[in-house]
Every structure is written in structure tokens, then in C-alpha cells.
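Results of the structural survey
Residues per chain are reported as follows:
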Amino acid sequence: MLTLDLQSILNSIPNQVNWQDIIQFNKLDERVAIANDIFPNLIGVNEGYIEWCPDNDPPTHLETLLWWWVIRPDLGAAIAIEAPQELKEIISQYILNL
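This report concerns the structure included in the present document. (Residues numbered from 1 in each chain as written. Predicted model: local features only at pLDDT ≥ 70, side-chain atom pairs only at ≥ 80, totals over all residues. Heavy atoms only, no water.)

Thoughts on the pattern of salt bridges
Scanning all chains against the criterion turns up two salt bridges. Residues Glu 30 and Lys 27 are paired through a salt bridge, measuring 3.9 Å at the closest nitrogen-oxygen approach. The class of Lys 27 is buried, set by a relative accessible area of 18%. Taking the shortest distance from any N to any O, the salt bridge between Arg 72 and Asp 74 comes out at 2.7 Å. Residue classification places Arg 72 among the partly exposed residues on the basis of a relative accessible area of 25%. (Salt bridge = Lys/Arg side-chain N within 4 Å of Asp/Glu carboxyl O. Buried < 20%, exposed > 50% of the residue type's maximum accessible area, 1.4 Å probe, protein only.)

Structure below.
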């Protein structure tokens, strides 16, 4: 079960995030590539911001978790608790390679 804090974060999803608001911006390309490999075109990269473009309406739980992990990798451990095995492994590898 999600903690209240993570649940409130997941419920307040912005569709666009400015580059200066992205945690670990220096590794953003890596996270975007991973997310777009799982869901093609899930993350759009624009001048000065990234955009969430989920295929499903409403977005799937995995699309939501991937989006939050891309913009908030510092929440990776909390996100991994709710993630399917594939995303758990991706997040674990990412954390180990920091």
C-alpha cells in the first residue's frame, strides 16, 4: 500500500515540468530513454521542459510511476515499492549506479 505522502504526490501529477525543477537533471536523458523504451513517447522533451504524454486515459499505474520516477528519481525507493518487478529492477540499478 502506498504511503500517504507518495499517494498525494502521485495524485498531483503535472503534465509539464521545467528543466530547473527536475531532480538529478544531469541523468535526465537516461531516465527518459528508459521510460520511452517501456512506453514509446511517454516523455516528450522540449526546450526548457519535459512533457508527460501517456497513451492511456486514464494513465496506467505504470505510466504514472515512470513519469514520477523520471522527474523525481529521489523518490525511487518509494516508487519501487509499488512498481512491477521490471521497474523495481530498473530503479534498483539506477540507484546502485549513482
